[in-house]
Number of protein chains: 2
Amino acid sequence: MQDPLKLDDFICFAVYTASHALNRVYKPLLDTLGLTYPQYLAMVALWEKDGQTVGGLGEKLFLESSTLTPLLKRLENAGYIRRDRSREDERVVVIRLSEEGVRLKEKAIGIPGCIVEASGRNAADLTRLQAEIVALREALDRSVV
Amino acid sequence: MQDPLKLDDFICFAVYTASHALNRVYKPLLDTLGLTYPQYLAMVALWEKDGQTVGGLGEKLFLESSTLTPLLKRLENAGYIRRDRSREDERVVVIRLSEEGVRLKEKAIGIPGCIVEASGRNAADLTRLQAEIVALREALDRSVV
DNA sequence: CAATAAATAATCGTGCGCGATATAAAAGCC
DNA sequence: GGCTTTTATATCGCGCACGATTATTTATTG
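Residues numbered from 1 in each chain as written. Chains lettered and ligands numbered in written order. Predicted model: local features only at pLDDT ≥ 70, side-chain atom pairs only at ≥ 80, totals over all residues. Heavy atoms only, no water.

**Things to note about the nonpolar core**
No. 1: Among the nonpolar cores identified, the biggest contains 100 residues, and Y26(A), Y40(A), Y26(B) and Y40(B) are the most heavily contacted of them.
No. 2: When residues no more than four places from it in sequence are discounted, the contact partners of Y26(A) are Y37(A), Y40(A), I111(A), I115(A), F10(B) and C12(B). (Core = buried A, V, L, I, M, F, W, Y, C linked by side-chain atoms within 4.5 Å. Buried < 20%, exposed > 50% of the residue type's maximum accessible area, 1.4 Å probe, protein only. Contact = heavy atoms within 4.5 Å.)

Following this line, the structure appears as C-alpha cells:
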C-alpha cells in the first residue's frame, strides 16, 4: 500500500487550487465591474431574483451572515444594492438592486463565456463536470449534517 | 437562448461551494491536530519532502509569500516546523519539520480515508474526478499565463 | 569592480469566511 | 400579559489570500 498522504492525489487539494485558479481568471474581468468574486456571486443571485433576504442569500450562496453582512454593506456603499429592514418582520433585512445594480448585469453578461473559453472545454463537457462537482458537494454536506 | 447568468449553472460556483464544503468536513478532523486546512496542506507537502524553501512550497501549493510567511510563522509557533535562513543563499528560507512535526503525520494518516468516506464514492471514482479537476485548473492557469 | 537588474521573503492593506457571541424582534407558553 | 425560546442579523477575532511594495541578497553587465 502506497503512502496515502500525497498532495497531488488529494481531491481536496485539486478543488482548493482550482478554486484559486478560477479566481485568477475572474479577477481581471470583475475588476472592470468593480466587484470581487463573492460580490459577483451575490449580484448574480440578485439578478436571478431581486428582493431576497440576507438569510435567503446566505442559503443560496452557502455563506453565514458574518460573511454576508459586511459584503452586502460594501455593495451598498458601491451603490449597487439597498438594504432595507422589513416592515412586517423587523428582524429581516431585504436586499434590493439599485438601478445601477440592475444596469451592471449588461456589463456582466459576457463573463460566463470568457470562463468557458478559458477552460478550453465545450459547454456540454463543462456542464457534466459541473454536475459531478455539485454531487460531490452534496455528498459532503450530507456527511456533515 | 436562455439567460446565461444562472448561479447553479456556474462551474465556478460549484467549485467555490465544494471547496467550502470540503473545509467543513476537514475542520473537526484537523481541530484534533491543531491545524487549519491550509496549514495541513503545507504539512502534507513537508511530509512528502522536508527542507523545502518558502518559494518552493508556494509553487507547490499555488500560494504567494504574503500568504505563506505568516502561515509558516504560525506553524513555527505551534512547534511543528523550523524556519532557517539558508547559509549558501541568504535570501532563501528553508522550512524543516521539527520532531513534533514529523510525529504529527501519524495522527494525520487516517484523514484522507475519512474524506473518501464522506464523499460517498469509491477511490477509483474520486481519482477520476480529481484528475478532471486538475485538468480544469491547468487549462485555467494556461489561459492566465 | 561598480552599477544595475533579478530573485527571495517579508510587510501592509483589503476582503473574504467562519465560529462564537450579541442584539433585537417574533413566536410560543403558562 | 409576562416569561422563555427561537429566529434573523450584526459584531468581533482569527486566519487565509492576494496585490503592491519593501528590504536584502545574489547575479549580471558594462
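**Describing the pairing of strand β3 (residues 93-97) of chain B**
All names here are of chain B.
No. 1: Counting buried positions along β3 gives four out of five residues, so the element sits mostly inside the fold.
No. 2: Of the pairings in the sheet, the one linking strand β1 (residues 52-53) to β3 comprises two bridges and is antiparallel in character. Opposite T53, over in β3, you have V94 as the bridge partner.
No. 3: The pairing of strand β2 (residues 81-85) with β3 spans five bridges and is classified as antiparallel. Paired with R85 across the two strands is V93, which belongs to β3. (Helix = DSSP H or I, 4+ residues; strand = E, 2+ residues; numbered from the N terminus. Pairing = 2+ DSSP bridges.)

**A closer look at the interface of chain B and chain A**
No. 1: Contact with chain B, which involves 57 residues of that partner, is made by 57 residues of chain A.
No. 2: Note on chain B versus chain A: buried area summed over both sides is about 5600 Å², and carbon and sulfur give 71% of it.
No. 3: Our enumeration of links across chain B and chain A arrives at six salt bridges.
No. 4: A salt bridge links R121(B) to E132(A), with the shortest nitrogen-to-oxygen separation between them at 3.7 Å.
No. 5: Connecting chain B to chain A are 14 residue pairs in polar contact (both at pLDDT 80 or more).
No. 6: Put simply, the parts of the chain that give the side of chain B that touches chain A at least two residues each are α1 (11-31), α2 (37-48), α3 (54-61), α5 (99-108), α6 (111-119) and α7 (123-144) of chain B.
No. 7: Looking at the side of chain B that touches chain A residue by residue, the class counts come to 38 nonpolar, six polar and 13 charged. (Buried area = accessible area lost by both parts, 1.4 Å probe. Salt bridge = Lys/Arg side-chain N within 4 Å of Asp/Glu carboxyl O. Polar contact = N/O pair within 3.5 Å; in protein donor to acceptor, adjacent residues only side chain to side chain. Nonpolar A, V, L, I, M, F, W, Y, C, P; charged D, E, K, R; others polar.)

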